[in-house]
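Examining the three-dimensional arrangement
The lines below spell out each chain.
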Amino acid sequence: MLFVTQSFESNCGRLLHPRQFIVGILAMLQSFKLFNNCNLVFSRSCSGYVSRTRYLMRLKEDDEACREALKFANVLLYHKLAPLLQKTRSGVCKVASFKTADLKQILEKVGKDKHFINESFLLGCTDKSEPQFSLEVGEVERSALEQECRGTFVDLRKAFFMITPSESALAAKGQALLRWHQTNGFCSATGQPTTRNQSGSFRVCQSSGITYYPKMSPVVIVLVSDGSRCLLARQAMFPPGMYSALSGFCDMGESVEEALHREVAEEVGLEVENLQYSGSQHWPFPQSSFMLACHATVNPNKTQVNIDKAELEDARWFTLEEITTALQNPPRNPREQPPVFWVPPSYAIANQLIREWANQQQLLRSTHRLK
Ligand SMILES: NC(=O)C1=CN([C@@H]2O[C@H](COP(=O)(O)OP(=O)(O)OC[C@H]3O[C@@H](n4cnc5c(N)ncnc54)[C@H](O)[C@@H]3O)[C@@H](O)[C@H]2O)C=CC1
Ligand SMILES: [Mg+2]
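The structure reproduced in this document is the subject of the present report. On a predicted model such as this, the values are computed, not experimentally measured, just so you know. (Residues numbered from 1 in each chain as written. Chains lettered and ligands numbered in written order. Predicted model: local features only at pLDDT ≥ 70, side-chain atom pairs only at ≥ 80, totals over all residues. Heavy atoms only, no water.)

Observations regarding unusual backbone geometry
P286 follows F285 through a cis peptide bond whose omega is -15°. Positive phi is not limited to glycine here, since R150 has a value of about 55°. Tracing the backbone shows R150 in the loop between α7 (142-149) and β7 (152-153). Taking the relative accessible area as the measure of exposure, R150 reaches 73% and is therefore exposed. Even without a glycine there, the phi angle at S288 is positive, about 80°. Assignment of secondary structure puts S288 in the loop between β14 (273-283) and β15 (289-297). (Helix = DSSP H or I, 4+ residues; strand = E, 2+ residues; numbered from the N terminus. Buried < 20%, exposed > 50% of the residue type's maximum accessible area, 1.4 Å probe, protein only.)

In structure tokens, the structure reads:
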């Protein structure tokens, strides 16, 4: 109904394009649930962001519509949370996705019931409004499935170095949703099993009526600059040579600003100022984090780091030259051939912060040269 009301409001006072008119009628039918398969027709006839969003909203909430959408969906496969990747003819890696009908045949070939596909969770939809789902197939023998699908299940951290940032985001979301369902099968109040809705947008405990929604833990991440260098750190568990921006989970009751000040003070013993928001990102590790990324500065006369060795193995200041070299030479296989110093892959928001800082430094230098 919201859609109909808003589209009428926004079109008020001007003539409707025939396409808009059809879309409006379909939306109205859909909102009154008079036309069962309407969502399919609707999704294919609209390509706008708002239409896709409203369509997804409906799939999340309406089990029947979601089941219907799954019949014509694209499904991403995971084996013990590792996404299936395929190589294109040109040798580029991409996240594999299968049409439901094709996937049913594949599942039957590897000895799985075709109805198993109903275990999928709704992920989103493509630019063409084709619904996307994720499915965990960990019970099936991995090599048989890889052969049948002509792909390889790759650890997600490794996959981030092989696929584009937008595919990384999709693969990360799929994994996070599967993990959340795997670890939220029981109500924390009653201990009774929880059941999912069809899309997987929530789970309910039938005994207490409590609804659980997939959750992310807020994490602050900050690139600290002293004006000409930036501070990067590494934890002992990082792959050799990798340094990243400082980060930390927000404590209960904290604001982003408070968490940033506290984390920097705890981890490297510095006081930051001039916080500047850069962006945010969902990060699937360790259990779905919501990364809030900022830039900050320290007084250039107070740059002595005092590392908390329980948290960090090392933290040091890097020059623009060191950063530029690291950004220009991302490692292909960091675990097998680690460079002396490298930064997180382009999908990670830490990489975005580091790139922004490098661009700003370059701009500052060229402005100085002009003076
Ligand atoms: N996307 C990106 O660019 C980056 C993402 N990250 C992510 O940020 C996360 C947090 O960063 P850290 O520096 O490790 O955090 P941190 O500095 O807060 O230290 C982690 C410790 O905090 C405690 N902790 C408090 N709340 C927690 C919670 N909700 N979940 C798990 N542990 C909690 C645990 O003892 C844990 O060992 C990392 O797990 C990492 O995956 C970190 C850097 C870059
Ligand atoms: Mg930390």
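What to know about the site of ligand 1
By nearness alone, 19 residues border ligand 1, and S247, F249, E267, W283 and A350 come closest of all. Within the backbone of F249, a nitrogen or oxygen atom sits 3.0 Å from an oxygen atom of ligand 1. A distance of 3.5 Å separates an oxygen atom of ligand 1 from a polar side-chain atom of E263. About the coverage of ligand 1: the protein hides 65% of its 850 Å² of free accessible area. At the level of elements, β11 (217-225), β13 (246-249), α10 (256-268), β14 and α12 (349-370) are the ones that each hand at least two residues to the shell around ligand 1. The class makeup of the residues in the shell around ligand 1 is 10 nonpolar, six polar and three charged. (Near = heavy atom within 4 Å. Polar contact = N/O pair within 3.5 Å; in protein donor to acceptor, adjacent residues only side chain to side chain. Areas by Shrake-Rupley, 256 points an atom, 1.4 Å probe, with all protein chains shown as cover. Nonpolar A, V, L, I, M, F, W, Y, C, P; charged D, E, K, R; others polar.)

What to know about the pairing of strand β6 (residues 131-136)
Among the six residues of β6, six are classified as buried, and the element is accordingly described as predominantly covered. Side-chain alternation along β6 places P131, F133 and L135 on one buried face and Q132, S134 and E136 on a second face that is also buried. Bridge count between strand β1 (residues 74-79) and β6: five bridges; the pairing is parallel. Residue pairing in the sheet places N74 in a bridge with Q132 of β6. Here strand β5 (residues 121-125) runs beside β6; their pairing, made up of four bridges, is antiparallel. Looking at β6, one finds that F121 is bridged to S134. Taking the residues between adjacent antiparallel strands as the criterion, β5 and β6 are bridged by five residues, where S129 takes a positive phi near 65°. (Pairing = 2+ DSSP bridges.)

Some details on the environment of P334
If you trace the backbone, P334 turns up in the loop between α11 (320-328) and α12. With a relative accessible area of 6%, P334 lands in the buried category. Spatially, the C-alpha atoms of P334 and M242 are 8.6 Å apart, while their sequence positions differ by 92 residues. Dropping the residues within four chain positions of it, P334 is found in contact with F161 and W342. (Contact = heavy atoms within 4.5 Å.)

Topic: the sheet that holds strand β8 (residues 194-196)
The sheet built from three strands is open, its strands ordered β8-β9-β10 with antiparallel pairing. Strands at the two margins of the open sheet, each flanked by one partner only, are β8 and β10 (211-212). For strand β9 (residues 203-205) and β10, the ladder comprises two bridges, and the chain directions are antiparallel. If you follow R203 over to β10, its bridge partner there is Y212.

A look at the coordination of the magnesium ion (ligand 2)
Summarising the metal site, the magnesium ion (ligand 2) is bound by the protein donors S247 (O) and E267 (OE), whose distances to it range over 2.1 to 2.2 Å. One end of the pair, S247, is in strand β13; the other, E267, is in helix α10, with 20 residues separating them in the sequence. (Donors = N, O, S within 2.8 Å, 3.2 Å for Na, K, Ca; no water.)

Examining α12
Over its 22 residues, α12 extends 32 Å from the first C-alpha to the last, a length consistent with the 32 Å expected when each residue adds 1.5 Å. Along α12, the positions that sit buried rather than exposed are I349, A350, N351, L353, I354, W357, A358 and Q361. Taken together, the buried residues of α12 touch β11, β12 (230-234), β14, β15, β16 (314-318) and α11. (Expected span 1.5 Å × (residues − 1).)

A word on the packing of α11 against α12
In contact at an axis separation of 10 Å, α11 and α12 are set at 130° when each is read in the N-to-C sense. The orientation of α11 with respect to α12, classified from their angle, is oblique. You can see that α11 and α12 cross each other, and the crossing is left-handed. The segment α11 lies against α12, with L320, E321, I323, T324 and L327 engaging N351, I354, R355, W357, A358, Q361, Q362 and R365. Of the residues contributing to the contact of α11 with α12, the split by class is six nonpolar, four polar and three charged. (Axes fitted to C-alpha atoms, helices over the stretch in contact; angles between N-to-C directions. Parallel < 35°, antiparallel > 145°, perpendicular 65-115°, else oblique. Left-handed = near helix turned anticlockwise from the far one by under 90°.)

Digging into the nonpolar core
By size, the foremost hydrophobic cluster in this structure holds 42 residues, and its most contacted members are I221, L223, L232, I323 and F341. Per element, the largest residue contribution to this core is six residues, and it comes from α12. If near-sequence neighbours (up to four positions away) are discounted, I221 is found in contact with A245, L246, S247, L260, M291, L292, A293, C294, I349, A350 and L353. One finds L70, I117, C125 and C149 within the second-largest nonpolar core, a separate group that totals 29 residues. (Core = buried A, V, L, I, M, F, W, Y, C linked by side-chain atoms within 4.5 Å.)

A few points about the packing of helix α4 (residues 49-61) against helix α5 (residues 63-70)
In contact at an axis separation of 5 Å, α4 and α5 are set at 110° when each is read in the N-to-C sense. If you check the angle between α4 and α5, you find them roughly perpendicular. For the pair α4 and α5, the contacting residues are Y55, R58, L59 and E61 in the first and D63, A65, C66 and A69 in the second.

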